[in-house]
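Examination of the molecular architecture
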Amino acid sequence: MTVDLLLGLQWGDEGKGKIVDVLTSNYDIIARFQGGPNAGHTLEFDGIKHVLRTIPSGIFHKDSVNIIGNGVVIDPVVFQKEIEGLEKFNLDIKSKLIISRKAHLILPTHRLLDAASEASKGKAKIGSTLKGIGPTYMDKTGRNGLRVGDIELEDFKERYRALADKHEAMIAFYDVAIQYNLAELEKEFFEAIEELKKLDFIDSEEYMHQAQKAGKSILCEGAQGSLLDVDFGTYPFVTSSNTTAAGACTGLGIAPNKIKEVYGIFKAYVTRVGSGPFPTELFDEVGATMARVGNEFGSVTGRQRRCGWLDLVALKYAVQVNGVTQLMMMKGDVLSGFETLKVCTEYNYKGQNISHFPYNIEPENVTPVYKEFKGWKADLTGLTTFDELPVELKEYIEFIEKEIEVPIKIVSVGPDRKQTITK
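Residues numbered from 1 in each chain as written. Predicted model: local features only at pLDDT ≥ 70, side-chain atom pairs only at ≥ 80, totals over all residues. Heavy atoms only, no water.

Per an unreviewed UniProt entry, the chain goes by the name Adenylosuccinate synthetase and belongs to Flavobacterium hydrophilum. Quoted verbatim from the Subunit (unreviewed entry) field of the UniProt record, the comment on the chain reads "Homodimer." (UniProt positions renumbered as here; feature names shortened; annotations may be inferred.)

Along its length, the chain carries 12 helices and 20 strands. Relative to its length of 423 residues, the chain is compact, with a C-alpha radius of gyration of 21 Å against a globular reference of 22 Å. Judged by the C-alpha coordinates and their principal axes, the chain covers about 65 × 50 × 40 Å. The long-range fraction of contacts in the chain, counting pairs at least 24 apart against all pairs at least 6 apart in sequence, stands at 76%. As presented, the chain carries roughly 18200 Å² of accessible surface, and 49% of it is formed by carbon and sulfur atoms. (Helix = DSSP H or I, 4+ residues; strand = E, 2+ residues; numbered from the N terminus. Rg over C-alpha atoms; globule rule 2.2 N^0.38 Å. Contact = heavy atoms within 4.5 Å. Areas by Shrake-Rupley, 256 points an atom, 1.4 Å probe, with all protein chains shown as cover.)

Where helix H4 (residues 108-121) contacts helix H7 (residues 182-196), the two axes come as close as 9 Å, and the packing angle between them is 135 degrees. The pairing of H4 with H7 is recorded here as oblique in orientation. Seen from H4, the contacting residues are Pro108, Thr109, Arg111 and Leu112; seen from H7, they are Leu182, Leu185 and Phe189. In terms of residue class, the contact of H4 with H7 is built from 5 nonpolar, 1 polar and 1 charged. (Axes fitted to C-alpha atoms, helices over the stretch in contact; angles between N-to-C directions. Parallel < 35°, antiparallel > 145°, perpendicular 65-115°, else oblique. Nonpolar A, V, L, I, M, F, W, Y, C, P; charged D, E, K, R; others polar.)

Under the criterion given, the structure shown has 13 aromatic pairs. Measuring from centroid to centroid gives 6.1 Å for Trp376 and Tyr396, while their planes differ by 65 degrees, and the two rings are edge-to-face. Pair noted here: Trp376 is in the loop between strand E18 (366-374) and helix H12 (391-404) and Tyr396 is in helix H12, with a separation of 20 residues, a long-range link. The exposure class of Tyr396 is buried, given its relative accessible area of 1%. Linked through ring pairs, Phe156, Tyr160, Phe189 and Phe190 together constitute an aromatic cluster. Directly above the ring of Tyr370 sits Lys342, whose terminal nitrogen or CZ lies 5.6 Å from the centroid. Across from the ring centre of Phe386, 5.5 Å away, lies the NZ or CZ of Lys423, which sits over that ring. (Phe/Tyr/Trp six-rings, centres within 6.5 Å; stacked < 30°, edge-to-face > 60°. Buried < 20%, exposed > 50% of the residue type's maximum accessible area, 1.4 Å probe, protein only. Lys NZ or Arg CZ within 6 Å of the ring centre and 35° of its normal.)

Now for the pattern of salt bridges. In this structure the tally under the stated criterion is 23 salt bridges. For Lys187, the salt bridge identified is with Glu191, shortest N-O distance 2.8 Å. One end of the pair is Lys187 and the other is Glu191, both in helix H7 and 4 residues apart, which spans about a single turn. In this structure Lys187 comes out as exposed when scored by relative accessible area, which is 54%. Close ionic contact of Lys423 with Glu401 constitutes a salt bridge, the shortest N to O distance being 2.7 Å. Separated by 22 residues along the polypeptide, Lys423 in the segment after strand E20 (420-422) and Glu401 in helix H12 bring together distant segments of the chain. (Salt bridge = Lys/Arg side-chain N within 4 Å of Asp/Glu carboxyl O.)

In this numbering, the UniProt entry assigns the feature "active site" (unreviewed entry) to Asp13, His41 and Lys140. Mapped onto the elements of the fold, Asp13 is located in the loop between strand E1 (2-8) and helix H1 (16-23). Residue Asp13 is classed as partly exposed on the basis of its relative accessible area, which comes to 25%. Residues within four places of Asp13 in sequence aside, it is in contact with Lys267, Thr271, Val273 and Arg305. Lys140 sits in the partly exposed class, given a relative accessible area of 30%. Not counting chain neighbours up to four residues away, the residues in contact with Lys140 comprise Asn70, Gly71, His104 and Gly145.

Another point: the nonpolar core. In terms of nonpolar packing, the biggest core is built from 72 residues, with Met329, Tyr396 and Ile400 touching the most fellow members. When residues are assigned to domains, this core turns out to be shared by domain 1 (2-101 + 201-263) and domain 3 (267-422), each giving three or more. In this structure Ile400 touches Phe266, Leu310, Leu312, Leu315, Met329, Glu405 and Ile408, once residues within four positions along its chain are discounted. One finds Phe79, Ile83, Val148 and Phe156 within the second-largest nonpolar core, a separate group that totals 31 residues. (Core = buried A, V, L, I, M, F, W, Y, C linked by side-chain atoms within 4.5 Å. Domains from an automatic or database assignment.)

Since there are 3.6 residues in each turn of an α-helix, residues three or four apart along the chain are aligned in direction. Between the first and last C-alpha of H12 there are 20 Å, a value that for 14 residues agrees with the 20 Å anticipated at 1.5 Å per step. Looking at H12, one finds that the buried residues are Glu392, Leu393, Lys394, Tyr396, Ile397, Phe399, Ile400, Glu401 and Ile404. Trailing H12 by a residue or two, Glu405 shows a phi angle of about 65 degrees, which is positive. (Expected span 1.5 Å × (residues − 1).)

Right, dumping it as structure tokens:
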């Protein structure tokens, strides 16, 4: 019996989907434990690019069961479209995908609330994806939400109506101009609910307990990244759930002492989408080149990602909070061609050099302190062994391992699942 976690260690978009896809053959169960359809996982194999929003990344492997845990919030409309997009691959979705009854539902009015709230903030907006994620988690913690298990109740529509009416009153309170046709949105919602009912709903914590007793191997898949965690991220520019290792316990009902390996994924540089502080952000041609070569556009939103040098202060912080046991470095190939690379090793915080991640990393308080490295010219995308990597890249990797004190076990050199080097 094995329960392992796979987490992003930056601001999301680290490449978790690809690594889950690479690792899936080693596990019986792939379980998603938090987040909603704002988090897209991109997988690429056999020349085809796949973007998953809610469904775990193990769906393409015929022998794995995929679980959507209680910590996830589900938009039935987006979910239905995601399933329809997979139909051409002849996957046995009915037997491979099961959903926790305790997962919360995103209503059409949650999306409208999201839009109204963000519009009311003006220049102070936090960069919401407007998918209704935040308002759904607010209803969850406010004990107002609707859950997947409620679909099975006779009075589900009455419960829906009561909550949607409450949402409409809240939207009116914001007093902003947003156009919508709720009747049309609700028609689409209830049609999607009927499709959702075709899948099996489970008491996921009991399912996971019995799977562990039966000796099944389980990989818990996170969404977004550790620096977007609602507690430990760069609040308020964060997501609405716990993206760190603790979120797997609360988002699936797994006991902490059952977890073995914690795989931490990071890019060889750093990206961020939306608003919020970003100490190593680049505003020059170097940053523009990273974005272009790395194709740094959101897999769901299409938003351009901000790019910057690797930040070891933030990375070390994420490793500590999550208890990471193995590191996996993504997109090493994107850094090919730069004469010089920089790595942030400390922050100058209010005039003093520090190596820990402080409460506030706004630019008026924090200036990154860099160490420079010689770059490499080689094209990495066709390499298959660690020994083939340029000596400069090996030195880059060794420095990161020395600073973080956790081994880097995988180096990704391209988007395809085959472009993965095991160290």
